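Commentary on secondary and tertiary structure
Listed here are the chains, written in short residue letters.
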Amino acid sequence: PMPSRFFWQIQRQLMPDLAQDSVFNKDSLTWLIVESLQDDALMAQPEFQLLQAYLLPHESDTQAEQALKCYRLASTIADLYDQYLVYRPDWIENWQAQAFEIDGEPLTDQKWQGILWQYLIDKVKDKGLPERHRANMVSDFMGVLNQASGKQLPKRVIFFGFTTLPKHQIDA
């Protein structure tokens, strides 16, 4: 499996209360975002002008074409968040704390990303789904990993063909 999937499996092995899959995996996240993009109150916020303009229907668009456009946008955003969860968990943690900034700089044109992430977190809470994802589990996992016995872990892990791995995966 890919490194992120492998680490999720190890996390589940050491932390058995974790769900089989996170609601924040790319596929599930795509559908949560589709639902969110249809929320008029959310999309009416000025930070979402760019997304509003993209989703504006053209005269020739059928309902199916419009739905496909929304799905493709949601899938692209979910892919972006998936990468943030792996490579920039600090951004995700900031956005969950409603600090809409990156590396100390306030978000400008991209503030919608932080607002949408916070909206998704609230939506997950409202649905009663587990709020665990890769970014908010890093410190918990490292603590459990430090206490784990060698019998619970593979003796050796070899990754090849990857040009980058996130720091927290290398540390683990």
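That block above? That's the structure.
Presented here is a report on the structure given in the accompanying data block. (Residues numbered from 1 in each chain as written. Predicted model: local features only at pLDDT ≥ 70, side-chain atom pairs only at ≥ 80, totals over all residues. Heavy atoms only, no water.)

1. Remarks on a nonpolar patch on the surface
The criterion, for reference: Here a patch means residues that are over 30% exposed by relative accessible area and free of salt bridges, tied together within 9 Å if like-charged and within 5 Å if nonpolar (Val, Leu, Ile, Met, Phe, Trp, Tyr). Calculation of accessible area relied on Shrake-Rupley with a 1.4 Å probe; when residues are assessed, cover is drawn exclusively from the protein chains displayed. Salt bridges are defined as contacts in which a side-chain nitrogen from Lys or Arg sits within 4 Å of a carboxyl oxygen from Asp or Glu. Secondary structure follows DSSP: runs of H or I at least 4 residues long count as helices, runs of E at least 2 residues long count as strands, and numbering of each begins at the N terminus. Any residue under 20% of the maximum accessible area for its type is buried, any over 50% is exposed, and the rest in between are partly exposed; the area is computed with a 1.4 Å probe on protein chains only.
A cluster of nonpolar side chains, namely W31, L68 and Y71, defines an oily patch on the protein surface of about 320 Å² accessible area. In this structure, W31 sits in helix α2 (residues 26-37). Here W31 falls in the exposed class, since its relative accessible area comes to 54%.

2. Section: the side chain of Q66
Let me state the cut-off plainly: The contact rule is simple, with two residues in contact once any of their heavy atoms fall within 4.5 Å.
Secondary-structure assignment places Q66 in helix α5 (residues 63-87). Judged by relative accessible area, which is 19%, Q66 ranks as buried. With residues near it in sequence (within four places) discarded, Q66 still touches L55, L56, P57 and D61.

3. Some points on the pattern of salt bridges
Under the counting rule described, the total for this entry stands at 6 salt bridges. One salt bridge connects K127 with E35, and the closest N-O pair in it is separated by 3.3 Å. Separated by 92 residues along the polypeptide, K127 in the loop between α7 (111-126) and α8 (134-147) and E35 in helix α2 bring together distant segments of the chain. By relative accessible area, K127 is classed as partly exposed at 42%. The exposure class assigned to E35 is partly exposed, which follows from its relative accessible area of 35%. What you see here is one network of salt bridges that share partners, running through E35, K123 and K127.

4. A word on the packing of aromatic side chains
Selection rule: Working definition: rings of Phe, Tyr and Trp (its six-membered ring) pair if their centres are within 6.5 Å, and the pair is stacked with planes under 30 degrees apart, edge-to-face with planes over 60 apart, and tilted otherwise. We count a charge as sitting over a ring when the NZ of a lysine or the CZ of an arginine lies within 6 Å of the ring centre and within 35 degrees of the ring normal.
Within this structure, the stated rule accounts for 8 aromatic pairs. Ring centres of Y81 and W95 lie 6.4 Å apart, and the angle between their planes is 70°; this geometry places the pair in the edge-to-face category. Highlighted residues: Y81 in helix α5 and W95 in helix α6 (residues 89-96), separated in sequence by 14 residues. Note on accessibility: Y81 and W95 belong to one class, buried. Each ring, one from Y81 and one from W117, has its centre 5.1 Å from the other, and the planes form 65°; the classification is edge-to-face. A residue pair is termed long-range when its members are at least 10 positions apart, and Y81 in helix α5 and W117 in helix α7 qualify at 36 residues. Comparing Y81 with W117 shows no difference in burial state: the two are buried. Among the aromatic residues, those joined into a ring-pair cluster are F24, Y81, Y84, W91, W95 and W117. In this structure, K69 is placed above the aromatic ring of Y54, and the distance from its NZ or CZ to the ring centre is 5.7 Å.

Remember, this is a structural readout, not a statement about activity or role.
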